[in-house]
Amino acid sequence: MTAVQIFNVKHNGVLSVEKIQKSDAEWKKMLTQKQYEITTKKGTEAPGSCPVDEVHEPGIFQCIRCGTDLFRSSTKFESGTGWPSFYEPVSPLNIVEQPDRTLGMVRTEVLCVRCGSHLGHVFTDGPQPTGKRYCMNGFALRFEPEGKL
Ligand SMILES: [Zn+2]
């Protein structure tokens, strides 16, 4: 097994955890059809189709597959796209950004560092302070309200 360093909000520090590697069939068993298609097959949800986009209370958006902390509510903004949008991740440690040349475009894909889940893409037309727009699939995320952390 391979270890990976992630930032954990509850512990307010970096933890070393095992990477999670599962086959397509294993993920399919654990997830809903929509979650599976997005996170494992790199799908995209229809804009405005996920209730996660409407969440604005304080808390953390975590990876639906492995629970890694990904984005804070405080960095969520109204992008008008119908997809949950953030200007920065919890920590650069927690995500992987890699070039995606599908669909005749050059985009930057965002994945969970621990389980390799496809989360969405990052663009450079976001608000300050980073100027980045992490355009996520709500079905790739689960929301943990602040009190529960
Ligand atoms: Zn994950």
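Keep in mind the model is a prediction, meaning the values are calculated, not measured. (Residues numbered from 1 in each chain as written. Predicted model: local features only at pLDDT ≥ 70, side-chain atom pairs only at ≥ 80, totals over all residues. Heavy atoms only, no water.)

Novice: Sorry, what's going on with the coordination of the zinc ion here?
Specialist: The reference angle at a metal is 109.5 degrees if four donors form a tetrahedron and 90 or 180 degrees if six donors form an octahedron. Distances from the zinc ion to its protein donors, Cys63 (SG), Cys66 (SG), Cys112 (SG) and Cys115 (SG), fall within 2.3 to 2.4 Å. Of note is the zinc ion, whose 4 donor atoms meet at the metal with angles of 100 to 116 degrees in an arrangement that counts as tetrahedral. Every donor residue of the zinc ion comes from the same chain, spaced as C-x2-C-x45-C-x2-C. Taken as a pair, Cys63 in strand 3 (residues 59–63) and Cys112 in strand 8 (residues 107–112) lie far apart in primary sequence, 49 residues in all. (Donors = N, O, S within 2.8 Å, 3.2 Å for Na, K, Ca; no water. Tetrahedral: all angles 85-135°; square planar, octahedral: opposite > 155°, others 65-115°. Helix = DSSP H or I, 4+ residues; strand = E, 2+ residues; numbered from the N terminus.)

Novice: Whenever I open this one, the environment of Met1 confuses me. Can you help?
Specialist: Here Met1 lies in the segment before strand 1 (3–8). Here the alpha-carbon distance between Met1 and Thr124, two residues 123 residues apart in the chain, equals 35 Å. What Met1 contacts, discounting residues up to four positions off in sequence, is Glu18 and Lys19. (Contact = heavy atoms within 4.5 Å.)

Novice: What should I look at first to understand the pattern of salt bridges in this one?
Specialist: Should the charged atoms of two oppositely charged side chains come close, the side chains can pair. Considering all chains together, one arrives at 5 salt bridges under this definition. For the salt bridge of Glu109 with Lys42, the shortest nitrogen-to-oxygen distance reads 2.8 Å. One end of the pair, Glu109, is in strand 8; the other, Lys42, is in the loop between helix 2 (33–39) and strand 3, with 67 residues separating them in the sequence. Two residues, Asp53 and Lys76, come together in a salt bridge whose shortest N-O distance is 3.9 Å. (Salt bridge = Lys/Arg side-chain N within 4 Å of Asp/Glu carboxyl O.)

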